[in-house]
Protein chains: 2
Amino acid sequence: MADSVLLHFAFDPGSRCARLALGEAKIAVRETPVKPWEDDCPLHGLNPSGMPPVLKVGDLVLCESAAILGWVDDQTEGKLLFTRDDAERAETRRLTGWFERKFTDEVQAVLLHERMEKPLLRLGPPEARALRAGREALKGHLAELEGLTQGRDWLAGRRLGQADLVAAAHLSVLDYFGEIAWATYPALKDWYVRMKCRPCFRSLLGDRLPGQPPVAHYDDLDF
Amino acid sequence: MADSVLLHFAFDPGSRCARLALGEAKIAVRETPVKPWEDDCPLHGLNPSGMPPVLKVGDLVLCESAAILGWVDDQTEGKLLFTRDDAERAETRRLTGWFERKFTDEVQAVLLHERMEKPLLRLGPPEARALRAGREALKGHLAELEGLTQGRDWLAGRRLGQADLVAAAHLSVLDYFGEIAWATYPALKDWYVRMKCRPCFRSLLGDRLPGQPPVAHYDDLDF
């Protein structure tokens, strides 16, 4: 779709979800990076929340990752992001909501604020207490995910689907900042290596934050 | 579905979403009220988050409102909660996410904590500053919804759909506590009167919180 444009911010988990889903569906779009915190950011005229991601497909404006993932699901006739199995569909939806709410509230809102927003917006040094709380919460979530990946091929069951893309989007941002102790979570690491090797992941591994290089293994496919 | 059971808490917006969607789809389930804050709540063995709603349909366990709404969508072959129009589908998904994140964070997490959780769990009197902040945020959201309903038949467009059910679930809980100044939002009030008159709404209007009666107009269909 030559006239499709994705407005995204490379370190926003929702933007990464959209890029992974579009990539997995082989829907070509022009990726336009935006800075949502700037007054003249083009998002402001498009999305009432002022946030990325926004996908424009001709006249159609898709705001937020849920709308973009839903549209990808529609375009692929429900065959790409979900299996037909009722239990796997339920699990995919439960996990998507888990990342969008619990993981975002307890981990991302804390760690990405301290590690990314503060340096970007010059809000001062990170607070040790906040970092500790966010990292403690992250451990609980990673243990939960380790349990899931020990018993399943993919996060929600036997086939790769939306839950894997959402989880990989979230974890890949934290991995950039070296926040994930992969050695502690071998089954989750094995899942993440498989995710990283997919063609849809390639552009994410090239993302760089000015002044903050990634952890050494960030773009290493066999770390 | 005679062997279907919905575990729900009557004043949890997600539980109300599930009841409205099941009611709108005319899927009969046995509604079992639960108290998620009690140690022996049956949710704990079913949903890793420990939260309602959970729907059991035979062996299938659907955790969280996203999984239940998705299942209702599957059961109704995509004809009930969404229209076929791409723009309305995108708007439905944007608004669903808006309520699940922004509205929940800025309004429900504050006002329902002060007005419902504190009396229920005996956590002391409400804090005036928190109430003011939550009510100020609510005004902004209601003004946004008033704008949408002025220009549309239903929240996301020309037909009732998931966005209406999600919005009505959230607003109806706040309405119980008298938090919505309907006279200020005439188009939104007209929409809410239409929602309230639907058969799916009937059981919600019978909900009562011990020791806290609803505002006088709560179950009045023509208020």
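Given the structure is predicted, the values throughout are model-derived calculations rather than measurements. (Residues numbered from 1 in each chain as written. Chains lettered and ligands numbered in written order. Predicted model: local features only at pLDDT ≥ 70, side-chain atom pairs only at ≥ 80, totals over all residues. Heavy atoms only, no water.)

### Some words on the overall build of chain A
Each helix and strand counted, chain A has seven helices and four strands in total. Put simply, chain A runs from its N terminus to its C terminus through helices and strands in the order β-α-β-β-β-α-α-α-α-α-α. Rg of the C-alpha trace for chain A: 17 Å, near the compact-globule value of 17 Å for 223 residues, within the 12% margin. Taken over the C-alpha atoms alone, chain A extends approximately 45 × 45 × 30 Å along its principal axes. Burial analysis of chain A (223 residues in total) assigns 55% to the buried set. Contacts in chain A between residues at least 24 apart in sequence constitute 67% of all its contacts with a sequence separation of at least 6. Total accessible area computed for chain A in this model is approximately 9,800 Å², and 52% of it derives from carbon and sulfur atoms. Chain A carries 29 positive and 34 negative side-chain charges, and their two centres are separated by 2 Å. (Helix = DSSP H or I, 4+ residues; strand = E, 2+ residues; numbered from the N terminus. Rg over C-alpha atoms; globule rule 2.2 N^0.38 Å. Buried < 20%, exposed > 50% of the residue type's maximum accessible area, 1.4 Å probe, protein only. Contact = heavy atoms within 4.5 Å. Areas by Shrake-Rupley, 256 points an atom, 1.4 Å probe, with all protein chains shown as cover. Lys, Arg positive; Asp, Glu negative; His and termini not counted. Charge placed at Lys NZ, Arg CZ, Asp CG, Glu CD.)

### Some remarks on the UniProt feature "domain: GST C-terminal" (unreviewed entry) in chain A
When the UniProt feature table is mapped onto this chain, "domain: GST C-terminal" (unreviewed entry) is found at residues 85-214 of chain A. From the first C-alpha to the last, residues 85-214 of chain A spans 38 Å; its make-up is 69% helix and 0% strand. (UniProt positions renumbered as here; feature names shortened; annotations may be inferred.)

### Comments concerning the relation of the copies chain B and chain A
Of the two same-sequence chains, chain B is brought onto chain A (RMSD 0.0 Å, axial shift 0.0 Å) by a rotation of 180°. Such values leave the two copies arranged in the relation of a two-fold axis. In terms of C-alpha distance to the rotation axis, chain B has B:R101 as its closest residue, with the C-alpha 3.5 Å off the axis. By residue overlap, the copies meet face to face through one surface: 100% of the interface positions of chain B are interface positions in chain A. (Least-squares fit on C-alpha atoms with pLDDT ≥ 70 in both.)

### A short note on the pairing of strand β1 (residues 4-8) of chain A
Residue and element names in this part refer to chain A. With five of five residues buried, β1 lies mostly within the body of the structure. Side chains of β1 alternate between two faces, with S4, L6 and H8 and V5 and L7 buried alike. When β1 meets strand β3 (residues 54-57), the two strands line up antiparallel, connected through four bridges. Among the inter-strand pairings, V5 is bridged to a residue of β3, identified as K56. Read from β1 through helix α1 (residues 13-24) to strand β2 (residues 30-33), the crossover connection turns out right-handed. (Pairing = 2+ DSSP bridges. Right-handed = clockwise from strand over helix to strand, strands pointing away.)

### A few points about the interface of chain B and chain A
Across the boundary between the two partners, chain B contributes 26 residues, which contact 26 residues of chain A. Between chain B and chain A, a total of about 1,900 Å² is buried, with carbon and sulfur atoms accounting for 57% of that surface. The largest share of the area that chain B buries against chain A comes from B:R93, B:R94 and B:R101, three residues that together contribute 28% of it. The interface formed by chain B and chain A contains six salt bridges. The salt bridge partner of A:D74 is B:R89, with a shortest N-O separation of 2.7 Å. (Buried area = accessible area lost by both parts, 1.4 Å probe. Salt bridge = Lys/Arg side-chain N within 4 Å of Asp/Glu carboxyl O.)

### Considering helix α4 (residues 128-151) of chain A
All names here are of chain A. Look at α4: 35 Å from first C-alpha to last across 24 residues, which is about the 34 Å you get at 1.5 Å a residue. Of all the residues in α4, the buried ones are A130, L131, G134, A137, L138, H141, L142, L145, E146, L148 and T149. For α4, the elements touching its buried residues are α3 (86-121), α5 (162-176) and α6 (186-196). (Expected span 1.5 Å × (residues − 1).)

### Quick look at the nonpolar core
Grouped together as the largest cluster of nonpolar side chains are 65 residues, with contacts concentrated most on A:L62, A:W71, A:L171 and A:W191. By residue number, the principal contributor to this core is α5(A), which donates ten residues. Composition of this core by domain shows at least three residues from each of domain 1 (4-75) and domain 2 (86-198) of chain A. Listed in part, the 64 residues of the second largest apolar core include B:L22, B:L55, B:F103 and B:L148. (Core = buried A, V, L, I, M, F, W, Y, C linked by side-chain atoms within 4.5 Å. Domains from an automatic or database assignment.)

### Observations regarding the side chain of A:R16
Residues and elements named next belong to chain A. For R16, the location among the structural elements is in helix α1. You can call R16 buried: its relative accessible area is 0%. At a separation of 3.1 Å, a polar atom in the side chain of R16 contacts the side chain of D207. Setting aside its immediate chain neighbours within four residues, R16 contacts A10, F11, A169, S172, V173, L204, D207 and Y218. (Polar contact = N/O pair within 3.5 Å; in protein donor to acceptor, adjacent residues only side chain to side chain.)

### Description of the domain arrangement of chain A
Residue and element names in this part refer to chain A. Domain annotation for chain A reports domain 1 (4-75) and domain 2 (86-198). Counting from both sides, the interface comprises eleven residues of domain 1 and, opposite them, 17 residues of domain 2. Buried surface at the junction of domain 1 and domain 2, summed over both partners, amounts to about 1,200 Å²; 77% is from carbon and sulfur atoms. Its largest share of buried area at the contact with domain 2, domain 1 owes to F11, P13 and E24, together 43% of the area lost on that side.

### Some points on the pairing of β3(A)
Residue and element names in this part refer to chain A. Bridge count for β3 against strand β4 (residues 60-63) is four bridges, and the pairing is antiparallel. By the bridge assignment, V54 is partnered in β4 with C63. Two successive antiparallel strands, β3 and β4, enclose a turn made up of two residues, where G58 displays a positive phi of approximately 60°.

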